[in-house]
Amino acid sequence: MKPHADGPRWLNIFHFASPYQFYPLAGRLIPLFATLAVLLAMAGLWLGFAIAPADAQQGEGYRIIFLHVPTSWMAMLIYVAMAFWSVMHLILRTRLSAMMAQALAPTGALMAFLSLFTGALWGKPMWGTWWVWDARLTSMLLLFFLYLGFIALTRSIDEPDRADKAGSVLAIVGVFNVPVIYFSVKWWNTLHQGASISMEKGSTMASTMLIAMLLMSLAAWMYAITTTLSRVRNLILQREARTRWVQELLAIPANKA
Amino acid sequence: MYWNNLSDFIAMGNHGVYVWGSFFACAAALCLEWVLIKSQRRNIVRQIRRSATIQQMNPTSPAVSKDAS
Amino acid sequence: MSSWAFFCTVIRRDLFLAWQQRGDLLVGLVFFVLVACLFPLAIGPEAKLLSRIGPGVLWVAAILANLLALPRLFQADWQDGTLEQLLLAPAPAGMMVAGKIVAHWLTTGVPLTLIAPLLGVQYGLSSDLLLMLMATLFIGTPVLSALGSIGAALTLGVRQGDMLLALLVLPLYAPVLIFGSGAVAAVAGGLNGYAELSLLAAIACGSLFLAPWLAAMAIKLAVE
Amino acid sequence: MILIDQIAAQRGDRPLFSNLSFALQAGDCIHLRGENGIGKTSLLKMLAGLSQPDQGQILWQGQALTELGDDYHGQLHYLGHKDALKDLLSPYQNLHWATQIAGNPLSEAAILHTLAKVGLLQQCDLPVRSLSQGQKKRAALARLLATPRPLWLLDEPFVALDTTAQSELGEWINNHCQQGGIVILTSHQQLPSIQHVTELTLTRPL
């Protein structure tokens, strides 16, 4: 269902809101973002693992920061993006925005899991234990459960319209709670060293470390866009399976083969 | 180049297990997700094709509806 | 008909219905007591340790008992079709949900709060700790009902709805648990614990204000 | 007067109906026909304001439902497949709370009078779960008679009713229409003695 667009074509923001228009656009964007992600990741890893000097207290083990911090940022950024698309869905009632939210969720959950995994691997050499009850790791754990809740809810409702709306409501409730959870966990326990990238402390990290970190974050961002776009294409195919344009899209290679 | 030889680079100041462990875990997870998306796409396409062929066999059920977009 | 009158009617109706099924309320309470009694069996009877973990155990038991009672909010009405009639009343749906939240709080939250000191004594908590425990439970349980009502509305009629409800709602309960048990721990540590209590009250105001409208939106999906 | 103009709806990816339009004046009774799953219940829910159509709009006395919002709910009775009765409570208690919720509570005498009209006076204090299917339907229909409202939306009202009950219901629908009410009902059975019923058959859109 797409709100009928009557404005002139280029002005019409709903032009790409229709799955039929968005599908080929996403198809063209995916290779672009994929190559960007790979290039940025290689540069970041090379800079971080091979060029950057050792850290004063933590020696070489700190290099996990180049994986832990980008994944944590992405986990939070993706949840905010999910909430944004959910609000779009509830206000503009465009189906595609709900599909975007559902396409983002698995990647966000994976990023949260990787953040926990790398956090644990980083904690072992530094603090001697696999799991450290520190503020940010704990709130990341709860964020991971929020992701699982969103995925479980949207997958267990059969009817697409209801699944979209229920998922949107949950994402909005969740995004209200992420800061509350983060604040309350931080109040509860401030064991974790201060934010390694806080504005005033940025200088203590060598410039190469900083650049490597930002490169890796950009790479993670590009990666998230690539997987989201490809998963949203799958969702579009699944949802629009009975429409003529999908039949043509798939039927042509069928009778060719 | 910070490291002067390859073995130090691998040892990573005897934290190698953790650093390379997390590196390979991330790499494996991302590739796995990419593979899953591709296989999901294959399943969907196969499913649509199968329902299209079923549709050709007995064209009673109205599988193809008007263009929805 | 003013929405305030409708709000009170829904509360009276739900309390009347809950009174008809008094047994269910008792089951919820017995569950709370049981969970609180199991921990000493697992951890051992020495008083110093028990009094240290007492508030946390009671709070977790209260959250689980509340979670157990959440389906009762909408499930029964949804199954026999009365939920549609409630939505078709000439008053906003948010008022209906708010009424149900208050009724649910009165039937589960308040009994938990009244019984908690009894169990607290079992854990060797001093009187001022018990007082703070009751205060935090009194302020915290409405939040549990409010956030829980959103989860219950979202999982109405969904496969394994109860399992899904726990997964959706428990992460949202984390702040309430932290500040609830944190306040009692602060009192145990000599502080007055008003900081945590006020934060808990802030969360309560926020969620009690927002939850009815979000849950009403979710219910309309289930009834559609 | 209710006007439905060019509404369209989809259930999942299957379009239910598209640009469906009809209008009803006071005193009309319309019988919606169509095979199962065609969207009769969805249409009734849209008319009741429980769900919104994807396109088009529904007007009540010239005002769109979206503007009327909750006040519109005071104008209609909706009877779904489920009887909207609490099994634990007796017909009396059910009717008492139903009228309270609907916004115009009735005195005990009025409730008993309505129950007598639907022939449930003897069973008025028995829990609904111990009543027969027909009696449950009568208890559900009692709600319609308790508070007079112009629009009746009945989803399969004749199911599980014996012949006498069916003719009684036909009677109530008749005099509801005579008093200027509008009835929209769906049913698979043959309707009993209802005067000037217009038929509308929902077909699957091509």
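Just so it is clear, the structure is predicted and the values come from calculations on it, not from any experiment. (Residues numbered from 1 in each chain as written. Chains lettered and ligands numbered in written order. Predicted model: local features only at pLDDT ≥ 70, side-chain atom pairs only at ≥ 80, totals over all residues. Heavy atoms only, no water.)

**Student:** Any chance you could break down the overall build of chain D for me, citing the residues and the numbers?
**Tutor:** The helix and strand tally for chain D stands at seven helices and nine strands. Relative to the 2.2 N^0.38 estimate, which gives 17 Å for 206 residues, the radius of gyration of chain D is 17 Å and therefore close to what a compact globule would have. Judged by the C-alpha coordinates and their principal axes, chain D covers about 50 × 35 × 35 Å. Of the contacts made within chain D by residues no fewer than 6 positions apart, 70% connect residues no fewer than 24 positions apart. When the accessible surface of chain D is summed, it comes to about 8600 Å², and 51% of that surface belongs to carbon and sulfur atoms. Put simply, chain D has 15 plus and 18 minus side-chain charges, and the middle of one group is 6 Å from the middle of the other. (Helix = DSSP H or I, 4+ residues; strand = E, 2+ residues; numbered from the N terminus. Rg over C-alpha atoms; globule rule 2.2 N^0.38 Å. Contact = heavy atoms within 4.5 Å. Areas by Shrake-Rupley, 256 points an atom, 1.4 Å probe, with all protein chains shown as cover. Lys, Arg positive; Asp, Glu negative; His and termini not counted. Charge placed at Lys NZ, Arg CZ, Asp CG, Glu CD.)

**Student:** Can you lay out the overall build of chain C for me, pointing to particular residues and giving the numbers?
**Tutor:** A count of helical and extended segments in chain C gives nine helices and zero strands. For chain C, the N- to C-terminal ordering of α and β elements is α-α-α-α-α-α-α-α-α. The globule rule puts the C-alpha radius of gyration for 224 residues at 17 Å, and the 18 Å found for chain C is close to it. In chain C, once contacts between residues fewer than 6 apart in sequence are set aside, the share between residues at least 24 apart is 81%. With an accessible surface of roughly 8700 Å², chain C has 73% of that area assigned to carbon and sulfur atoms. In chain C, the 9 positive side-chain charges and the 10 negative ones have mean positions that sit 2 Å from each other.

**Student:** Describe the interface of chain B and chain A, listing the residues and the values that go with them.
**Tutor:** Each partner contributes to the interface: chain B provides 35 residues, whereas chain A provides 49 residues. With both chains or domains summed, chain B and chain A bury close to 3600 Å², and 69% of this area falls on carbon and sulfur atoms. Between A:Arg231 and B:Glu33 there is a salt bridge, with its nearest N and O atoms 2.8 Å apart. The tally of links between chain B and chain A comes to seven residue pairs in polar contact (both at pLDDT 80 or more). It is helix α2 (residues 16–57) of chain B that contributes the most residues to the side of chain B that touches chain A, 20 residues altogether. Residue composition of the side of chain B that touches chain A, by class: 23 nonpolar, seven polar and five charged. (Buried area = accessible area lost by both parts, 1.4 Å probe. Salt bridge = Lys/Arg side-chain N within 4 Å of Asp/Glu carboxyl O. Polar contact = N/O pair within 3.5 Å; in protein donor to acceptor, adjacent residues only side chain to side chain. Nonpolar A, V, L, I, M, F, W, Y, C, P; charged D, E, K, R; others polar.)

**Student:** Which residues make up the interface of chain C and chain A, and what values do they have?
**Tutor:** In this complex, chain C contributes 25 residues to the contact, which on the side of chain A involves 28 residues. Here chain C meets chain A over a buried area of about 2300 Å², counting both sides, of which 79% is carbon and sulfur. When the area that chain C buries against chain A is broken down by residue, the three leading residues are C:Leu154, C:Leu172 and C:Leu221, summing to 23%. Across the chain C-chain A interface, the total number found is one salt bridge. Between C:Arg159 and A:Asp158 there is a salt bridge, and its shortest N-O distance comes to 2.7 Å. Looking at the side of chain C that touches chain A, the elements with two or more residues in it are α7 (127–154), α8 (161–188) and α9 (194–223) of chain C. When grouped by side-chain class, the residues that make up the side of chain C that touches chain A number 22 nonpolar, one polar and two charged.

**Student:** With reference to specific residues and values, describe the sheet that holds strand β8 (residues 182–186) of chain D.
**Tutor:** Residue and element names in this part refer to chain D. Taken together, the five strands give an open sheet; going across it, the order is β6-β7-β8-β3-β9, and neighbouring strands pair in parallel fashion. Each of the sheet's edge strands pairs with one partner strand only, and the pair in question is β6 (76–79) and β9 (197–201). The average undirected angle you get between the axes of adjacent strands in this sheet is 15°. Relative to strand β7 (residues 151–155), β6 is paired through four bridges, and the arrangement is parallel. From the neighbouring strand, tyrosine 78 faces β7, where its bridge partner is leucine 153. (Pairing = 2+ DSSP bridges. Axes fitted to C-alpha atoms, helices over the stretch in contact; angles between N-to-C directions.)

**Student:** An account of unusual backbone geometry is requested, with residue identities and associated values reported.
**Tutor:** Positive phi values are uncommon outside glycine, yet A:Arg93 reaches one of about 55°. Note on placement: A:Arg93 falls in the loop between α2 (65–92) and α3 (95–127). One non-glycine residue, D:Glu156, lies in the positive phi region at around 50°. Residue position: D:Glu156 is located in the loop between β7 and α7 (163–178). Given the relative accessible area of 12%, D:Glu156 is considered buried. (Buried < 20%, exposed > 50% of the residue type's maximum accessible area, 1.4 Å probe, protein only.)

**Student:** Quick rundown of the packing of α3(A) against helix α6 (residues 207–239) of chain A? Include the residues and the values.
**Tutor:** Residue and element names in this part refer to chain A. α6 packs onto α3 with a crossing angle of 130° between their chain directions and a minimal axis gap of 8 Å. It follows that α3 is oblique to α6 by the angle criterion. When you trace α3 past α6, the crossing you get is right-handed. Contacts from Arg95, Leu96, Met99, Met100, Gln102, Ala103, Leu104, Pro106, Thr107, Leu110 and Met111 in α3 reach Ala220, Tyr223, Ala224, Thr227, Thr228, Arg231, Val232, Leu235, Ile236 and Arg239 in α6. Its residues placed into classes, the contact of α3 with α6 shows 14 nonpolar, four polar and three charged. (Parallel < 35°, antiparallel > 145°, perpendicular 65-115°, else oblique. Left-handed = near helix turned anticlockwise from the far one by under 90°.)

**Student:** I'd love a proper account of the packing of helix α1 (residues 3–20) of chain C against helix α6 (residues 93–122) of chain C, names of residues and values included.
**Tutor:** Residue and element names in this part refer to chain C. Between α1 and α6, whose axes approach to 8 Å, the crossing angle comes to 40°. Regarding the angle of α1 to α6, the classification is oblique. Here α1 and α6 pass one another in a crossing that is right-handed. Note on element contacts: α6 touches α1 through Met95, Met96, Ala98, Gly99, Lys100, Val102, Ala103, Leu106 and Thr107, opposite Ser3, Phe6, Phe7, Val10, Ile11, Arg13, Asp14, Leu15 and Ala18. Looking at the contact of α1 with α6, its residues break down into 12 nonpolar, three polar and three charged.

**Student:** Quick one: what's the story with the packing of aromatic side chains, residue by residue and with numbers?
**Tutor:** Here a ring pair, both rings aromatic, is described through the centre-centre distance and the interplanar angle of the planes. If you walk through the whole model with that rule in mind, you get 19 aromatic pairs over all chains. Geometrically, the ring pair formed by A:Phe49 and B:Trp20 is edge-to-face, given 5.4 Å between the ring centres and 75° between the ring planes. With one member in each of two chains, A:Phe49 in helix α1 (residues 19–51) and B:Trp20 in helix α2 form a pair that bridges those chains. When sorted by exposure, A:Phe49 lands in the same class as B:Trp20, which is buried. Each ring, one from A:Phe183 and one from A:Trp187, has its centre 6.1 Å from the other, and the planes form 55°; the classification is tilted. In this pair, A:Phe183 and A:Trp187 are both assigned in helix α5 (residues 160–188), four residues apart and thus about one turn of the helix distant. (Phe/Tyr/Trp six-rings, centres within 6.5 Å; stacked < 30°, edge-to-face > 60°.)

**Student:** Outline the nonpolar core, supporting the account with residue identities and numerical values.
**Tutor:** With 195 residues, the main nonpolar core has D:Ile2 and D:Ile184 as its most contacted residues. The biggest single contributor to this core is α3(A), with 15 residues. For D:Ile2, the residues in contact, after removing those within four places along its chain, are D:Phe22, D:Ala23, D:Leu24, D:Leu47, D:Ile58, D:Leu59, D:Trp60, D:Tyr72, D:Leu151 and D:Ile182. (Core = buried A, V, L, I, M, F, W, Y, C linked by side-chain atoms within 4.5 Å.)

**Student:** Before we move on, can you summarise the side chain of A:Ser139 with the specific residues and values?
**Tutor:** Residues and elements named next belong to chain A. In this fold, serine 139 is placed in helix α4 (residues 135–156). Polar contacts involving the side chain of serine 139 include one to the main-chain carbonyl oxygen of arginine 136, which spans 3.1 Å. Residues within four places of serine 139 in sequence aside, it is in contact with Ile181, Tyr182 and Val185.

**Student:** I'd love a proper account of the sheet that holds strand β1 (residues 2–11) of chain D, names of residues and values included.
**Tutor:** Residues and elements named next belong to chain D. With antiparallel pairing, the four strands of this open sheet are ordered in space as β2-β1-β4-β5. Across the chains shown, the open sheet's two edge strands, defined by having one partner strand only, are β2 (14–24) and β5 (63–64). Bridge analysis of β1 against strand β4 (residues 55–60) gives five bridges, and the strand direction is antiparallel. From the neighbouring strand, leucine 3 faces β4, where its bridge partner is leucine 59. Contacting β1, β2 and β4, helix α1 (residues 40–48) runs over the sheet at an angle of about 130° to β1.

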